[in-house]
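# Geometric and topological summary
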Amino acid sequence: MTEPEVSFEQSQAELERIVERLERGDVELEELTRLWERGEELYRRCAEQLSTAQGKIEELAKRLGDESA
Amino acid sequence: MKVEATEVDGRKVFSVRAFNQGIAVWLERLPTVWVEGEVTELRRQERWASVFFTLKDPESGACLSAQMPRGQFDGLRLELVDGERVHVYGRPELYEQRGDFHLRVLTIERYGLGAHLASLERLKAKLAAEGLFAAERKRPLPRIPRLIGLVTGNDAAAKRDVLTAITTRFPPARIIVAETFVQGPRAAPSIVTAIADLCERGADVVIVARGGGSFEDLLPFSDERLVRAVAACPVPVVSAVGHEQDTPLMDLAADVRASTPSVAGRLVVPDLDELQGGLERARTSLRRSARRIVEQRSERLAATHERLGRAPLLALERRGSRLEATHGRLKTLSPRSTLDRGYAIVRAGDSLVRELPPSGTALGIEVAAGSFGARTE
């Protein structure tokens, strides 16, 4: 499932809200696994976005002749 | 003194010498007077006994030869130059040998400087009252000008100084030069026109430059028309007139005052080397920042992910301990715990005994360890 319109910051914020809820224990037992899975999915998406951004930065730096690397 | 004429064929005839003598004598009877004019053609040489100059009427151009003993002239320490307006005190005199008439000068006073200064002060006060010199009117110079307009005389020095200063600091600068009169009555209007012309051609900063000169030379730069034009100029104006000590009124109306033409040149452009250095530093820190942002996000994400991994178990544990606590509370509510504390439950038949039973009633008694029977007395 991809949600390209959701920003990194939005995903990160949702992930943090989920973690806080779980840590408070403020969650239905049936919801626990669902929330956890949702958290893992958000994490994967964020990590992917970060690594894409990093790749772009390095690529651009290389293309511009990166004396400062 | 008596001038003798000779009788020739029945007419009285004077010799040239006698005639000149007669005129000279007659002229000597005229009073000593003050004459006002401009000094021109001033000639002074160490081996001459007198200093010679011509007094000129600035309006009509009428001329009057004048001479003064050199010692007296030097004693006045006026340092006169051509074009200065003076009051001269003297009397007419004839050079008999040549029949030349001149003014024998007894003293000279510079005229006009005081008058000029006073009128300049009045103009300065008037323009200051209008706010033309106010600090809040001053505009900053463009950081990198697109097109620099330079107004200057066609004499090399000031122009060369400005151009050299600009191109040394910032070789790619674009400059247009407007050559104008920089002294005399035509200077102010021609500079006003040049400024407007340069603005029209797209200059985004204008320099008005002129090397040093006498007080009179610099007077056009205090001309009201020019001062107003500088204040009203749509782009910033840098004034670079004369030397440090000269302050024509244009300086006060300009956005920036440069002490010399060279300084003006350095002020309007940035140092290209410095600029490139700064750009390079900005580029480096841009990359560094971009990398740092990704790094920080990664670290935060990793930390959150770690918490996420622990969270479900933590939630279950919390839930488990809450269950235990509830169970504990439940247990305190059961009668067993009361029996544990040494209380007993007494029954008569099936019902609990709450009132005094009749004698001989069979009772069932339950304690923590078990039950036994009893009978009332």
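Residues numbered from 1 in each chain as written. Chains lettered and ligands numbered in written order. Predicted model: local features only at pLDDT ≥ 70, side-chain atom pairs only at ≥ 80, totals over all residues.

## Side note on the overall build of chain A
Scanning chain A for helices and strands turns up two helices and zero strands. Residues classed as buried in chain A amount to 19% of the 69 residues present. (Helix = DSSP H or I, 4+ residues; strand = E, 2+ residues; numbered from the N terminus. Buried ≥ 20, exposed ≤ 12 C-beta atoms within 10 Å, placed from the backbone.)

## Side note on the interface of chain B and chain A
Contacts between the two partners involve 18 residues from chain B, matched on the other side by 22 residues from chain A. Class assignment of the residues belonging to the side of chain B that touches chain A gives a composition of eight nonpolar, four polar and six charged. (Contact = placed C-beta atoms within 7 Å. Nonpolar A, V, L, I, M, F, W, Y, C, P; charged D, E, K, R; others polar.)

## Some words on the sheet that holds strand β15 (residues 362-367) of chain B
Residue and element names in this part refer to chain B. Across the sheet, which stays open at both edges, the four strands sit in the order β14-β13-β15-β16 with antiparallel pairing between neighbours. In the strand order of this sheet, the two ends are held by β14 (351-352) and β16 (370-375), each with one partner. Here β15 pairs with β16 via six bridges, running antiparallel. Note that in β16 the partner of L363 across the bridge is A374. (Pairing = 2+ DSSP bridges.)

## Observations regarding the sheet that holds strand β12 (residues 256-257) of chain B
Hydrogen bonds between backbone groups are what pair the strands of a sheet, and the pairing can be parallel or antiparallel. Residues and elements named next belong to chain B. Across the sheet, five strands lie side by side as β9-β8-β10-β11-β12; this open sheet has parallel pairing. Sheet topology places β9 (175-179) and β12 at the edges, where each strand pairs with a single neighbour. Bridge count for strand β8 (residues 148-152) against strand β10 (residues 205-210) is four bridges, and the pairing is parallel. Residue pairing across strands places V151 opposite V208, the latter belonging to β10. In the packing of helix α8 (residues 261-268) onto the sheet, the strands contacted are β8, β10, β11 (237-241) and β12, and the crossing angle to β11 comes to about 160°. (Axes fitted to C-alpha atoms, helices over the stretch in contact; angles between N-to-C directions.)

## Points about helix α5 (residues 187-200) of chain B
Residue and element names in this part refer to chain B. Taking 1.5 Å of rise per residue, 14 residues should cover 20 Å, and α5 covers 20 Å from first to last C-alpha, within 8% of that figure. The complete set of buried residues in α5 reads A187, A188, I191, V192, A194, I195 and L198. Each buried residue of α5 sits inside an arc of 165° when the element is viewed along its axis, so together they form one side. Buried residues along α5 sit against β8, β9, β10 and α6 (224-232). Note on α5: the residue one or two positions beyond its end, G202, has a positive phi of about 105°. (Expected span 1.5 Å × (residues − 1). Arc of directions from axis to C-beta.)

## Describing the pairing of β8(B)
Taken residue by residue, a regular strand's side chains alternate between the two faces of the sheet. All names here are of chain B. Across the five residues that make up β8, a large majority, five, are buried. Both β8 and β9 contribute to a ladder of five bridges, which runs parallel. Among the inter-strand pairings, G149 is bridged to a residue of β9, identified as I176.

## Looking at the packing of α5(B) against α6(B)
Residue and element names in this part refer to chain B. One way to put it is that α5 packs onto α6 with a least axis distance of 8 Å and a crossing angle of 15°. Judged by the inter-axis angle, α5 sits roughly parallel to α6. Pair α5 / α6 crosses with left-handed handedness. Residues A188, P189, I191, V192 and I195 of α5 form the contact with α6, whose own contacting residues are R225, L226 and A229. When its residues are assigned to classes, the contact of α5 with α6 shows seven nonpolar, no polar and one charged. (Parallel < 35°, antiparallel > 145°, perpendicular 65-115°, else oblique. Left-handed = near helix turned anticlockwise from the far one by under 90°.)

## Observations concerning the confidence of the model for chain B
Mean pLDDT over chain B stands at 88; residues scoring 70 or higher make up 96%. Across the assembled chains, the prediction reports ipTM 0.77 with pTM 0.50. (pLDDT = per-residue confidence, 0-100.)

## Here's the deal with the packing of helix α1 (residues 8-24) of chain A against helix α2 (residues 29-63) of chain A
Residue and element names in this part refer to chain A. It is the contact of α1 with α2, at a shortest axis distance of 9 Å, that shows an interaxial angle of 150°. Classified by the interaxial angle, the pair formed by α1 and α2 is roughly antiparallel. Classified by chirality, the crossing of α2 by α1 is left-handed. The residues of α2 that touch α1, namely those facing F8, S11, Q12, E14, L15, I18, V19, R21 and L22, are L35, R38, G39, L42, Y43, R45, C46 and Q49. Split into classes, the residues belonging to the contact of α1 with α2 amount to nine nonpolar, four polar and four charged.

## A word on the environment of B:P31
Residue and element names in this part refer to chain B. Here P31 shows up in the loop between α1 (16-28) and β3 (33-43). A tally of 6 C-beta atoms within 10 Å means that P31 is categorised as exposed. Sequence separation between P31 and R91 is 60 residues; the distance between their C-alpha atoms is 6.6 Å.

## Looking at the nonpolar core
The biggest cluster of nonpolar side chains holds 45 residues, and the ones touching the most others in it are B:V151, B:V206, B:I207, B:V208, B:V230, B:V238 and B:M250. Breaking this core down by element, the ones donating at least two residues are β8, α4 (156-169), α5, β10, α6, β11, α7 (249-253) and α8 of chain B. In terms of residues, this core owes the most to one element, α5(B), which gives seven residues. When near neighbours in sequence (up to four residues on either side) are disregarded, B:V230 contacts B:V237, B:M250, B:A253 and B:A254. Listed in part, the 13 residues of the second largest apolar core include A:L15, A:V19, A:V27 and B:L308. (Core = buried A, V, L, I, M, F, W, Y, C linked by C-beta atoms within 7 Å.)

## Let's talk about the environment of B:P236
All names here are of chain B. Tracing the backbone through its elements, the reader meets P236 in the loop between α6 and β11. Residue classification places P236 among the partly exposed positions, given that 19 C-beta atoms sit within 10 Å. If sequence neighbours within four positions are ignored, P236 has contacts with R139, L141, V205, D255 and V256.

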